[in-house]
Amino acid sequence: QAAAAEQFVNISYLLLALICVNHLIVMVDILLSPGVSALSFPISLALVFGLFIIYKGNKGEVFSASCLLPVIFSLVCVVLSLGFSAFFFDLSWDGQWYHQAAVHALSEGWNPLREPIREFNKNNDISILHFPKGSWYFAASVYSTFGNIEMGKSLNLIVLIAAWCSLIIAGLEYRLKLFKSIILALLVVLNPVVWSQITTFLVDGNLYL
């Protein structure tokens, strides 16, 4: 089980690192330019997975299962998350009212650091200006790269998988068998709030995860 735990640790770290590094790059991008660059998401992917491979290479493990399996699984998760999100339209009220509007605004040049107060369409100004913007930064990065607003929801599934892996690790640390840890983790992450919002820009499920 120790080998399985290491794999889940690496997968969780890679997915969480992708979100954190992407957030950092978008913030730097906003500091230096008007909007979110189309290169921010590819650069985040290259940095996270490249540094992980280099780290494993320095330990002589670049061709080992502890390196290849987490990289392949995490990349597949990212691709599936993008495809899953693109397949579904966000039909939620808040998602269309101000979440998507904010992502569009960020991608089209709105700089919330230099221009914290701005008029949009006068119906959702307050929500856009005062809402936490972390999920929007990721979504704007993905949207700027692929040109598909729905793909911005991929953050939901990436966070879900990272949380699932983390809970499996916790189960293994409490001496549960691997199968029981996987099932218990699924029961925790696939709750009604998370699953009902997985195809939307709503963030309650992400907050829970």
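Residues numbered from 1 in each chain as written. Predicted model: local features only at pLDDT ≥ 70, side-chain atom pairs only at ≥ 80, totals over all residues. Heavy atoms only, no water.

Attention now moves to the side chain of Thr200. Note that Thr200 resides in the loop between α9 (192-197) and α10 (204-208). Owing to a relative accessible area of 8%, Thr200 belongs among the buried residues under this scheme. Only 3.0 Å separates the side chain of Thr200 from the backbone oxygen of Gln197, close enough to count as a polar contact. Ignoring any residue separated from it by four or fewer positions in sequence, one finds Thr200 in contact with Asp90, Ser92, Lys153 and Asn156. (Helix = DSSP H or I, 4+ residues; strand = E, 2+ residues; numbered from the N terminus. Buried < 20%, exposed > 50% of the residue type's maximum accessible area, 1.4 Å probe, protein only. Polar contact = N/O pair within 3.5 Å; in protein donor to acceptor, adjacent residues only side chain to side chain. Contact = heavy atoms within 4.5 Å.)

A grouping of Phe179, Ile183, Leu184, Leu186, Leu187, Leu190 and Trp195 is seen on the molecular surface, where their side chains present a nonpolar patch of about 710 Å² in accessible area. Looking at the element boundaries, Leu190 is found in the loop between α8 (178-189) and α9. (Patch = residues over 30% accessible without salt bridge, like charges linked within 9 Å, V, L, I, M, F, W, Y side chains within 5 Å. Areas by Shrake-Rupley, 256 points an atom, 1.4 Å probe, with all protein chains shown as cover. Salt bridge = Lys/Arg side-chain N within 4 Å of Asp/Glu carboxyl O.)

At a minimum axis distance of 9 Å, the contact between helix α1 (residues 2-32) and helix α2 (residues 40-58) shows a crossing angle of 140 degrees. As the angle between them shows, α1 and α2 are arranged oblique. Crossing of α1 against α2: the hand is right-handed. Contacts between α1 and α2 involve Glu6, Asn10, Leu14, Ala17, Leu18, Val21, Asn22, Ile25 and Val26 from the first element and Ser40, Phe41, Ile43, Ser44, Leu45, Leu47, Val48, Phe49, Phe52 and Lys56 from the second. Broken down by class, the residue content of the contact of α1 with α2 amounts to 13 nonpolar, four polar and two charged. (Axes fitted to C-alpha atoms, helices over the stretch in contact; angles between N-to-C directions. Parallel < 35°, antiparallel > 145°, perpendicular 65-115°, else oblique. Left-handed = near helix turned anticlockwise from the far one by under 90°. Nonpolar A, V, L, I, M, F, W, Y, C, P; charged D, E, K, R; others polar.)

The tally for this structure, following the rule as stated, stands at eight aromatic pairs. Consider the rings of Phe131 and Trp136, whose centres lie 5.6 Å apart with planes at 20 degrees: the pair is stacked. Members of the aromatic cluster, connected to one another through ring pairs, are Trp97, Tyr98, Phe131 and Trp136. (Phe/Tyr/Trp six-rings, centres within 6.5 Å; stacked < 30°, edge-to-face > 60°.)

What follows is about the packing of helix α3 (residues 65-87) against helix α7 (residues 154-173). Packing of α3 against α7 leaves a shortest axis separation of 8 Å and a crossing angle of 145 degrees. Here the hand of the crossing between α3 and α7 comes out right-handed. Across the interface between the two elements, Phe73, Cys77, Val78, Ser81, Leu82, Phe84 and Ser85 of α3 pack against Ser154, Leu157, Ile158, Ile161 and Trp164 of α7. Of the residues assigned to the contact of α3 with α7, the class counts are nine nonpolar, three polar and no charged.

Bringing the confidence of the model for the chain into the picture now. Looking at the chain as a whole, its pLDDT mean stands at 91, while 99% of the residues score no less than 70. Between the elements of the chain, mean pLDDT differs from a low of 79, seen in helix α5 (residues 125-130), to a high of 96, seen in helix α6 (residues 134-146). (pLDDT = per-residue confidence, 0-100.)

Scanning the entire structure with this criterion turns up three salt bridges. Salt-bridge contacts for Lys56 lead to Glu61; the nearest nitrogen and oxygen are separated by 3.2 Å. Accessibility expressed as a relative area gives 2% for Lys56, which makes it buried. The partly exposed category is assigned to Glu61, whose relative accessible area is 22%. Lys153 is the salt-bridge partner of Glu150, the closest N and O atoms lying 2.5 Å from each other.

Relative to the helices and strands, Glu173 resides in helix α7. Between the C-alpha atoms of Glu173 and Gln1, which are 172 residues apart in sequence, the distance is 9.7 Å.

The next subject is helix α4 (residues 93-107). In this model α4 runs 21 Å from its N-terminal to its C-terminal C-alpha over 15 residues, within 8% of the 21 Å that 1.5 Å per residue would give. Considering bend angle alone, the principal kink of α4 is centred on His99 and spans about 35 degrees. Within α4, the full set of buried residues consists of Gly95, Tyr98, His99, Gln100, Ala102, Val103, Ala105, Leu106 and Ser107. Structurally, α4 contributes buried residues whose contacts are with α5 and α6. Just past α4, the residue Gly109 takes up positive phi, approximately 120 degrees. (Expected span 1.5 Å × (residues − 1). Bend = angle between axes of the 7 residues up to and from the residue.)

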